[in-house]
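Close look at the chain arrangement
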Amino acid sequence: MSYRVAVVGGTGNVGREMLQILAEHDFPAEEVVPLASSRSAGSEVSFGEDKVLKVRALDNFDFKGFDIALFSPGAKVSAVHAPRAAAAGCVVIDNTSQFRMDPEVPLVVPEVNPDAIAGYRKRNIIANPNCSTIQMVVALKPLHDLARIKRVVVATYQSVSGAGKEAMEELFEQTRAIYMNAPVERQKFTKQIAFNCIPHIDVFMPDGSTKEEWKMVAETHKILDPDIAVSATCVRVPVFIGHAEAVNVEFEQPIDEAAATAALRSAPGVSVIDHRADEGYVTQVECVGEDAVFVSRIRKDPTVKHGLSLWVVSDNLRKGAALNAVQIAEHLVKHEFAA
Ligand SMILES: NC(=O)c1ccc[n+]([C@@H]2O[C@H](COP(=O)([O-])OP(=O)(O)OC[C@H]3O[C@@H](n4cnc5c(N)ncnc54)[C@H](OP(=O)(O)O)[C@@H]3O)[C@@H](O)[C@H]2O)c1
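So, a few notes on the structure that sits alongside this text. This structure is a prediction, so every number in the text was calculated from the model and none was measured.

What about the overall build of the chain?
Check the secondary structure of the chain and you find eight helices and 14 strands. In summary, the chain has a C-alpha radius of gyration of 20 Å against a globular reference of 20 Å for 339 residues, a match within 12%. Overall, the C-alpha framework of the chain stretches about 60 × 60 × 45 Å when taken along its three principal axes. For the chain, with 339 residues in total, the buried portion stands at 53%. Looking at the chain as shown, the accessible area adds up to about 15300 Å², and 50% of this sits on carbon and sulfur atoms.

Looking at the environment of valine 45
With respect to the secondary-structure elements, valine 45 resides in strand E3 (residues 44-47). On a C-alpha basis, the gap between valine 45 and valine 270 in space is 30 Å, while along the polypeptide they are 225 residues apart. If near-sequence neighbours (up to four positions away) are discounted, valine 45 is found in contact with Gly10, Thr11, Leu19, Pro34, Lys51, Val52, Leu53 and Val55.

Regarding the sheet that holds strand E5 (residues 56-57)
The parallel open sheet is built from six strands, whose spatial order is E5-E2-E1-E6-E7-E8. With one partner strand each, in any of the chains shown, E5 and strand E8 (125-127) form the two edges of the open sheet. Note: strand E1 (residues 3-8) against strand E6 (residues 68-71), four bridges, orientation parallel. Each residue of the ladder has a partner; that of alanine 6, found in E6, is alanine 69. Each of E1, E6, strand E7 (91-94) and E8 touches helix H8 (residues 318-337); the most contacted strand, E6, lies at about 160° to it.

Focus: the sheet that holds strand E13 (residues 293-300)
Strands belonging to one sheet form pairs held by backbone hydrogen bonds; the direction of such a pair is parallel or antiparallel. Overall, mixed pairing links the six strands, which are arranged E10-E9-E11-E14-E13-E12 in an open sheet. Each edge of the open sheet carries a strand with a single partner, namely strand E10 (229-236) and strand E12 (270-272). Averaged over all pairs of adjacent strands, the angle between their axes in this sheet comes to 20°, without regard to strand direction. With eight bridges joining them, strand E9 (residues 149-158) and strand E11 (residues 243-251) adopt antiparallel strand pairing. Note that in E11 the partner of isoleucine 149 across the bridge is phenylalanine 251. With respect to the sheet, helix H3 (residues 131-147) is in contact with E9, E10, E11, E12, E13 and strand E14 (307-314), its orientation differing from that of E11 by roughly 30°.

Structural notes on the site of the ligand
With respect to spatial proximity, 28 residues lie near the ligand, and among them Thr11, Ser37, Arg39, Ser40 and Lys165 are the closest. Contact distances for the ligand include 2.4 Å between an oxygen atom and a side-chain N or O atom of serine 40. Measuring from an oxygen atom of the ligand, one finds a side-chain N or O atom of lysine 165 at 2.8 Å. Compared with its free state, where it exposes 900 Å², the ligand has 81% of that area covered by protein. Contributions of two or more residues to the shell around the ligand are made by helix H1 (13-24), helix H2 (75-87) and H8. Among the residues making up the shell around the ligand, the classes are represented as nine nonpolar, 16 polar and three charged.

Describing a nonpolar patch on the surface
Together, Ile178, Tyr179, Val184 and Phe195 line one region of the surface with nonpolar side chains, adding up to about 420 Å² of accessible area. Note that isoleucine 178 resides in helix H4 (residues 165-179). For isoleucine 178, a relative accessible area of 33% puts it in the partly exposed group.

Regarding the nonpolar core
In terms of nonpolar packing, the biggest core is built from 56 residues, with Phe63 and Val152 touching the most fellow members. Other than its neighbours up to four places away in sequence, valine 152 contacts Met136, Leu140, Ile228, Ala229, Val230, Ser231, Val247, Asn248 and Val249. Grouped together as the second largest cluster of nonpolar side chains are 33 residues, Met18, Leu19, Leu317 and Ile328 included.

Regarding the pairing of strand E4 (residues 51-54)
Note that E3 and E4 share four bridges and pair antiparallel. Each bridged residue has a counterpart across the sheet, and for glutamate 44 the counterpart in E4 is lysine 54.

Let's talk about the pattern of salt bridges
Following the criterion strictly, the structure yields 15 salt bridges and no others. A salt bridge links aspartate 225 to arginine 148; the shortest N-O distance between them is 2.8 Å. Remark: arginine 148 occurs in the loop between H3 and E9 and aspartate 225 occurs in the loop between helix H5 (211-223) and E10; sequence separation between them is 77 residues. Taken together, the shared-partner salt bridges in this structure form one network comprising Glu17, Glu24, Asp291 and Arg318.

Rules used in this analysis
Residues numbered from 1 in each chain as written. Predicted model: local features only at pLDDT ≥ 70, side-chain atom pairs only at ≥ 80, totals over all residues. Heavy atoms only, no water. Helix = DSSP H or I, 4+ residues; strand = E, 2+ residues; numbered from the N terminus. Rg over C-alpha atoms; globule rule 2.2 N^0.38 Å. Buried < 20%, exposed > 50% of the residue type's maximum accessible area, 1.4 Å probe, protein only. Areas by Shrake-Rupley, 256 points an atom, 1.4 Å probe, with all protein chains shown as cover. Contact = heavy atoms within 4.5 Å. Pairing = 2+ DSSP bridges. Axes fitted to C-alpha atoms, helices over the stretch in contact; angles between N-to-C directions. Near = heavy atom within 4 Å. Polar contact = N/O pair within 3.5 Å; in protein donor to acceptor, adjacent residues only side chain to side chain. Nonpolar A, V, L, I, M, F, W, Y, C, P; charged D, E, K, R; others polar. Patch = residues over 30% accessible without salt bridge, like charges linked within 9 Å, V, L, I, M, F, W, Y side chains within 5 Å. Salt bridge = Lys/Arg side-chain N within 4 Å of Asp/Glu carboxyl O. Core = buried A, V, L, I, M, F, W, Y, C linked by side-chain atoms within 4.5 Å.

Given below as C-alpha cells:
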C-alpha cells in the first residue's frame, strides 16, 4: 500500500524535519505535499538528499483523498484546519498544543502508550505531545515499570528551536550584535536570550507556573500515569537545537542504579551513555540529528527513600516533534490501516 501524505507547516523547523524523516524512513507515500502559509506558496523545500517539493498554500487546500496529514503550523492554525482535514477523511497527527488535552484525542508517544493510537477514530486526530514531555516520558516509562514512580522534579534546559525558526534567528542576531557592539533587539523572547537563560516558556498560569510547565504535568498524566506527581521548571537556554532535562525521580519501591541502568538500556528509544568520566555523558550539541533519548548521569538521590537523578537529552525537532509524529504515522499504516 502507498499513501498520500500532507505536511502542514512544511517550511517550519518541525515540518522540514518531518519531510527529512519521511524520506529517510522511506515512508510508503505515493505523494507528499508540503503546505504552509500563502507567503510560502510556490517556494521549494527539500525532501531527502536529492528531491525538492513545491510548497502549496494551506488555506484552500482540499484534503480529500489524503490519508495522513502531519500538522505543525501553530495551535491557532491547527484549530481551524486540522478538523477540516479530519472531516475530509484524512488522519491528522498534530504537533501543536491545540488538541492534546481533548479527551477524544489520543496523546501518544509510541514507546510509552502505543495502544492509545487506536482511539484516533473518534475525531480522526492524534496529538503529539510537547517536546519536553516526550523525552522525559520515554526515559521514565522503563523506570515506572520497574519500581513505580511517585514523584518527579524536573528542570529543563530547552533550546531556542523549540520556539520556531524566528527564535533561532533571534539567538543568532543577538549573539552577533553583542560581538559587534550593536544594540540587542528582542522579538520572540521576553528577555535577552544570547548568553542568558530565561525561566519563562509560554504564558503564565494563575498558580504562578508557566504553561510549558503545566504541559509537562498534564501530558505526563495523560500519557504515563495520572498518579505521578510532577513539579517542573522550564528554562529557555541559548542553544540552537536539543533539550536537556535534570530529572529527580522518587519511587514507591526500592531501585538501584544498576537495575535502573539495565532497564533503560533495554528500553525502546533510549540510549544510555553514562561513564563517570570526562565526556562520559551527552550534551545538546551531540544529540542533534539523532533519534534517541539519551540518558546520562544516572545516580542515587539520597535525599528521598527511593530516589534517582538523571540527565536526559534529545533532539527536540526529531524525537521531540517530527520523529514522534512519523512513528505514529508508521504505526497507523502498520497496525490500523492494514487491519
Ligand atoms: N520546535 C519544536 O521543538 C516543537 C516541538 C513540538 C511541537 N512544536 C509545535 O509545532 C508548531 C510549529 O513549530 P515550528 O518550530 O516548526 O515553528 P516555525 O519554524 O515557526 O514554523 C511554522 C510553520 O507554520 C506555518 N504557518 C504559520 N502560519 C500559517 C498559516 N496561517 N497557514 C499555514 N501555515 C502557517 C509556517 O509557514 P510559513 O513559512 O509560510 O510562515 C511554517 O511552515 C508549533 O505549534 C509548536 O509549538 C514545536
